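# Reading the structure
Each chain, letter by letter, is given below.
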Amino acid sequence: MPVKVGLLALQGAVGRHAEALAACGAAPVEVRTADQLAAVDALVLPGGESTTISMLLESSGLAETLAARLADGMPAFGTCAGMILLAGTVLDGRPDQRSFDAIDVTVQRNAFGRQVDSFEADLDVAGLDDEPFHAVFIRAPVVTAVGDGVAVLARIDGRPVLCRQGVVFVSAFHPELTPDLRLHRLFLDTAFGNAKEN
Ligand code: GLN
């Protein structure tokens, strides 16, 4: 049975994540309700607008189920807005914006400013030693502080942009927008086995 990986589909683009997960052998499932969330083995929180996703999580009744499943150790991969939603602390957020404290990091929204609204960079990623990961950043957040249990897997100008704590991964960039499957694979391997321990 392939691993069922939910894609939080309240706002933002999940199509490319679904393709990447399927190419890794997982079964992607769009998640819009608490029942759908209860039925998946893991969750990808995509890019989009974290304030909007936060609001929709509350209005759809998903927020409490999400908080409970994360507290219970559900593997999760948050990309860009998804990273903001999984963080412990959010800087420059809206006052009513919720984050779920699934990884002990502080993130600053829109940290790269207007001049470099969107950019691409080749990242050296710990554990992916063969070649750099080409990363697409879109109005990206950055990690400004990490707790003791957090591994920083990649940085840009010294600032963390890819982190892991246990089975929770966060990236400031959009790994689904390039054909490189290595980060989706690393997430699945870490969460469900076949992991090369680093
Ligand atoms: N700036 C957005 C936010 O704060 C994130 C951008 C993205 O997900 N590409 O939610």
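To keep things clear, this report deals only with the structure shown in the data block.

What counts, and where the lines are drawn
Residues numbered from 1 in each chain as written. Predicted model: local features only at pLDDT ≥ 70, side-chain atom pairs only at ≥ 80, totals over all residues. Heavy atoms only, no water. Helix = DSSP H or I, 4+ residues; strand = E, 2+ residues; numbered from the N terminus. Buried < 20%, exposed > 50% of the residue type's maximum accessible area, 1.4 Å probe, protein only. Pairing = 2+ DSSP bridges. Axes fitted to C-alpha atoms, helices over the stretch in contact; angles between N-to-C directions. Parallel < 35°, antiparallel > 145°, perpendicular 65-115°, else oblique. Left-handed = near helix turned anticlockwise from the far one by under 90°. Contact = heavy atoms within 4.5 Å. Near = heavy atom within 4 Å. Polar contact = N/O pair within 3.5 Å; in protein donor to acceptor, adjacent residues only side chain to side chain. Areas by Shrake-Rupley, 256 points an atom, 1.4 Å probe, with all protein chains shown as cover. Nonpolar A, V, L, I, M, F, W, Y, C, P; charged D, E, K, R; others polar. Salt bridge = Lys/Arg side-chain N within 4 Å of Asp/Glu carboxyl O.

With that settled, consider unusual backbone geometry. Where the residue is not glycine, phi is negative for most of them; where a peptide bond is considered, it is trans in most cases. Although it is not a glycine, D101 sits at a positive phi angle of roughly 55°. The residue D101 is located in the loop between β5 (87-91) and β6 (103-108) in this model. Exposure remark for D101: the relative accessible area of 53% places this residue in the exposed category. Positive phi outside glycine occurs at R139, with the angle close to 40°. Residue position: R139 is located in the loop between β8 (128-138) and β9 (142-146).

Further remarks concern the sheet that holds β9. Strand order in this open sheet of three strands is β5-β6-β9, and the pairing throughout is mixed. Each edge of the sheet is formed by a strand with only one pairing partner; in this case those strands are β5 and β9. On average, adjacent strands in this sheet sit at an angle of 30° to one another, irrespective of strand direction. When β5 meets β6, the two strands line up parallel, connected through four bridges. Paired with T89 across the strands is T106, a residue of β6.

Before going further, it helps to examine the sheet that holds strand β1 (residues 4-8). Strand order in the open sheet formed by seven strands is β2-β1-β3-β4-β12-β11-β10, with mixed pairing between adjacent strands. Each edge of the open sheet is held by one strand with a lone partner, namely β2 (27-31) and β10 (151-156). Neighbour-to-neighbour, the strand axes of this sheet turn through a mean angle of 20°, independent of strand direction. Of the strand pairs in this sheet, strand β11 (residues 159-165) and strand β12 (residues 168-171) are connected by four bridges, and their pairing is antiparallel. Residue R164 lies in a different strand from β12, and its bridge partner there is F169.

In this section: the pairing of β8. Note that strand β7 (residues 118-125) and β8 share seven bridges and pair antiparallel. By the bridge assignment for β8, E120 is matched with V136. Hairpin remark: β7 followed by β8, antiparallel, with two residues in the connecting loop; positive phi at G127, about 95°.

Viewed as axis vectors pointing N to C, helix α1 (residues 15-23) and helix α6 (residues 182-192) meet at an angle of 60°, and their least axial separation amounts to 9 Å. Taken as axis vectors, α1 and α6 run oblique relative to one another. Crossing of α1 over α6 shows right-handed handedness. On α6, the residues that touch H17, A20, L21 and A23 of α1 are H184, R185 and L188.

A separate point is the site of the ligand. The environment of the ligand is made up of G47, G48, E49, S50, C80, A81, I84, R109, N110, I138, R139 and H174. Within the backbone of A81, a nitrogen or oxygen atom sits 3.0 Å from an oxygen atom of the ligand. A distance of 2.7 Å is found between an oxygen atom of the ligand and a side-chain nitrogen or oxygen belonging to R109. Protein contact buries 98% of the 300 Å² of open area that the ligand shows by itself. Residues that form the shell around the ligand fall into these classes: four nonpolar, five polar and three charged.

With that settled, the discussion passes to the pattern of salt bridges. One pass over the structure, following the stated rule, counts eight salt bridges. Taking the shortest distance from any N to any O, the salt bridge between R98 and E64 comes out at 2.9 Å. Pair noted here: R98 is in the loop between β5 and β6 and E64 is in helix α4 (residues 62-71), with a separation of 34 residues, a long-range link. Residue class for R98 comes out partly exposed when judged on its relative accessible area of 22%. With a closest N to O distance of 3.0 Å, R94 and D96 form a salt bridge.

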